[in-house]
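Analysis of the macromolecular model
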Amino acid sequence: MNNQVKILGCGLAKAQQKITNFDLEKRVETSDEWIVQRTGISSRYITIDENTSDLAVRASLQAIESAHIQNKDIDVILVATMTPDCLTPSTACLVQAKLGLNDVPIFAIDINAACSGFLYAFQLASDLINRYQKILIIGSETLSKMLNWDDRSTCVLFGDGAGAMIIGQGSSQLFHYANSEGDLSGVLKANGLTLTQNLQNQIPIDQFLTMQGNDVFRFAVRVLKESIENVLKQAHLTIDDIDLIIPHQANYRIINHVAKRMKVDISKFYMNLQEFGNTSAASIPIAYAQAHEAGLIDEHKRVILVGFGSGLTYGATLIDKVGGEECVK
Ligand code: COA
């Protein structure tokens, strides 16, 4: 299915504390060299006292400003997250309140599709666009609160942050693909959440995020390629027609494998994972906002967003002619 929208604005929020690979060397048996070679990641940001809704609000305020609208113009708030502040109220309702919109009629929900969450939310948003005027789509995560900071196989990979986008009706065509492969084996899972302080985490050991890294790697390469090919087919385009691909920022080597398999120059893939690490549902909207800020996205561009995550979930959106949005610096 394809939908016509306009991307009106975008924004991002970095979490408060930058943690380098050298900082992690002091915590676990690892090295900057190992992390950079195996993942491409040099640093990540983690929260000190902000929760997922706080990061979401900061990214949203940037997006609202860049869209030249007011908070009260928003009709829908979708928050993609797997690290909500609490089970209920939803993060979307907390964002509504923190934006001062509790008296404004708003359709507000959270979406949990792990690292694919923003793509799922984007697809839902474009399906809602005939009924609502301005939709705020947010990916926001505080993964630091589900990480075991003594587990070197996971803690070096992830970070906190938020990205936001506002869409309205317009003339950009979107082609979506989303899929999931329900998994009970625990390839990538987490059970508990508490705010982390100074890399100390209080949750019981069996509730931390755990992962079978090699299985996730192979899955990721397969489904990123499949998802890109699916949206290209729907749009009757080839990879040569695409100006920029913004992948989920998990690992440079995963993205490099996909580029090689698809015979695409790696420079077509936008990456900021060196600085942010993997921020799950926030990674694609943060990268989109940064790519826009870097002048890589203008109204004539064709862009593919593509990602994968726990669930197992994956998907892509092809934006045909991004169409005149103004994103914040
Ligand atoms: N520092 C140093 N050594 C580490 C390490 C770290 N942070 N983490 C693991 N190692 C060690 C392992 O213990 C292993 O040691 P051994 O050979 O003595 O047993 C060795 O490095 C190789 O481990 P392996 O897991 O085979 O490495 P890898 O090349 O597959 O890289 C990942 C591991 C996690 C980086 C990689 O599998 C990956 O990126 N997978 C996808 C993860 C992902 O994207 N998850 C998010 C999904 S949304």
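Described below are features of the structure shown in this document. (Residues numbered from 1 in each chain as written. Predicted model: local features only at pLDDT ≥ 70, side-chain atom pairs only at ≥ 80, totals over all residues. Heavy atoms only, no water.)

1. Side note on the overall build of the protein chain
As a reminder, the rule being used: Segments assigned H or I by DSSP are reported as helices when at least four residues long, segments assigned E as strands when at least two residues long, and all are numbered from the N terminus. Burial classes follow relative accessibility: with a 1.4 Å probe on protein chains only, a residue under 20% of its type's maximum area counts as buried, one over 50% as exposed, and anything between as partly exposed. Note on definitions: a residue-residue contact is assigned when non-hydrogen atoms from the two residues lie within 4.5 Å. The Shrake-Rupley method, run with a 1.4 Å probe sphere, supplies the accessible areas, and residue values consider only the shown protein chains as cover. Charge counting treats Lys and Arg as positive and Asp and Glu as negative, with His and both chain ends excluded. To locate a charge, take NZ of a lysine, CZ of an arginine, CG of an aspartate or CD of a glutamate.
The secondary structure content of the protein chain amounts to 10 helices and 13 strands. For the protein chain, the C-alpha atoms occupy an extent of roughly 50 × 50 × 35 Å along the three principal directions. Buried residues in the protein chain amount to 60% of all 329 residues. When contacts within the protein chain are restricted to residue pairs at least 6 apart in sequence, long-range pairs at least 24 apart make up 79% of them. Summing over all exposed atoms, the protein chain offers an accessible surface of approximately 13,300 Å²; the carbon and sulfur share of this is 48%. Looking at charge distribution, the protein chain has the averaged site of its 28 positive side-chain charges lying 4 Å from that of its 36 negative ones.

2. Things to note about the side chain of Thr52
Residue position: Thr52 is located in helix α3 (residues 52-66). Non-local contacts of Thr52, meaning those with residues more than four positions away in its chain, are made with Thr81, Thr83, Pro84, Asp85, Thr91, Ser140, Glu141, Thr142 and Lys145.

3. Overview of α3
For the record, the criterion: In a helix, the anticipated span is given by 1.5 Å times the number of residues less one.
Along its 15 residues, α3 runs 21 Å from first to last C-alpha, staying within 8% of the 21 Å computed at 1.5 Å per residue. Of the residues making up α3, those classed as buried are Thr52, Ser53, Leu55, Ala56, Val57, Ala59, Ser60, Ala63, Ile64 and Ser66. Backbone geometry just after α3 places His68 at a positive phi near 55°.

4. With respect to the site of the ligand
What counts is decided by this rule: The criterion for a residue being near a molecule or strand is simple. One of its heavy atoms has to lie within 4 Å of it. Here a polar contact is recorded for every N or O atom pair within 3.5 Å, except that within protein the pair must consist of a potential hydrogen donor and a potential acceptor, and residues adjacent in sequence are included only if both atoms are side-chain atoms. We call Asp, Glu, Lys and Arg charged. Ala, Val, Leu, Ile, Met, Phe, Trp, Tyr, Cys and Pro are nonpolar, and the rest, Gly among them, are polar.
Near the ligand you find 23 residues, and of these Thr30, Arg38, Arg152, Asn214 and Asn251 are the closest. At a separation of 2.6 Å, a nitrogen atom of the ligand approaches a polar side-chain atom of Thr30. In this structure, an oxygen atom belonging to the ligand sits 2.7 Å away from a side-chain N or O atom of Asn251. Calculation on the ligand without its partners gives an accessible area of 970 Å², and the protein chains cover 73% of this total. Contributing elements (two or more residues each) for the shell around the ligand: α2 (32-39), α6 (152-155), α7 (213-235) and α8 (252-261). For the shell around the ligand, the element with the most residues is α7, which contributes 4 residues. For the shell around the ligand, the per-class residue count stands at 11 nonpolar, 8 polar and 4 charged.

5. A word on the pattern of salt bridges
In a structure, side chains of opposite charge can pair up when their charged atoms sit close to one another. To be explicit about the condition: For salt bridges, the criterion is a side-chain nitrogen of Lys or Arg within 4 Å of an Asp or Glu carboxyl oxygen.
Scanning all chains against the criterion turns up 12 salt bridges. When the shortest N-O distance is used, the salt bridge between Arg218 and Asp215 registers 2.9 Å. Of the two residues, Arg218 and Asp215 both sit in helix α7, 3 residues apart, roughly one turn of that helix. The exposure class assigned to Arg218 is exposed, which follows from its relative accessible area of 55%. What you see here is one network of salt bridges that share partners, running through Glu181, Arg222 and Glu226.

6. Overview of unusual backbone geometry
Residue Pro89 follows Thr88 across a cis peptide bond; omega there is 5°. Of note, Pro89 is situated in the loop between β4 (76-80) and α4 (91-98). Following Gly311, the chain continues into Leu312 via a peptide bond in cis, with omega recorded as 0°. Tracing the backbone through its elements, the reader meets Leu312 in the loop between β12 (302-309) and β13 (313-320).

7. Things to note about a nonpolar patch on the surface
We count it as follows: Here, patches come from residues exposed beyond 30% relative accessible area and free of salt bridges, joined within 9 Å for like charges and within 5 Å for nonpolar side chains (Val, Leu, Ile, Met, Phe, Trp, Tyr).
A cluster of nonpolar side chains, namely Phe107, Ile109 and Leu124, defines an oily patch on the protein surface of about 220 Å² accessible area. Looking at where Phe107 falls in the secondary structure, it is placed in strand β5 (residues 107-111).

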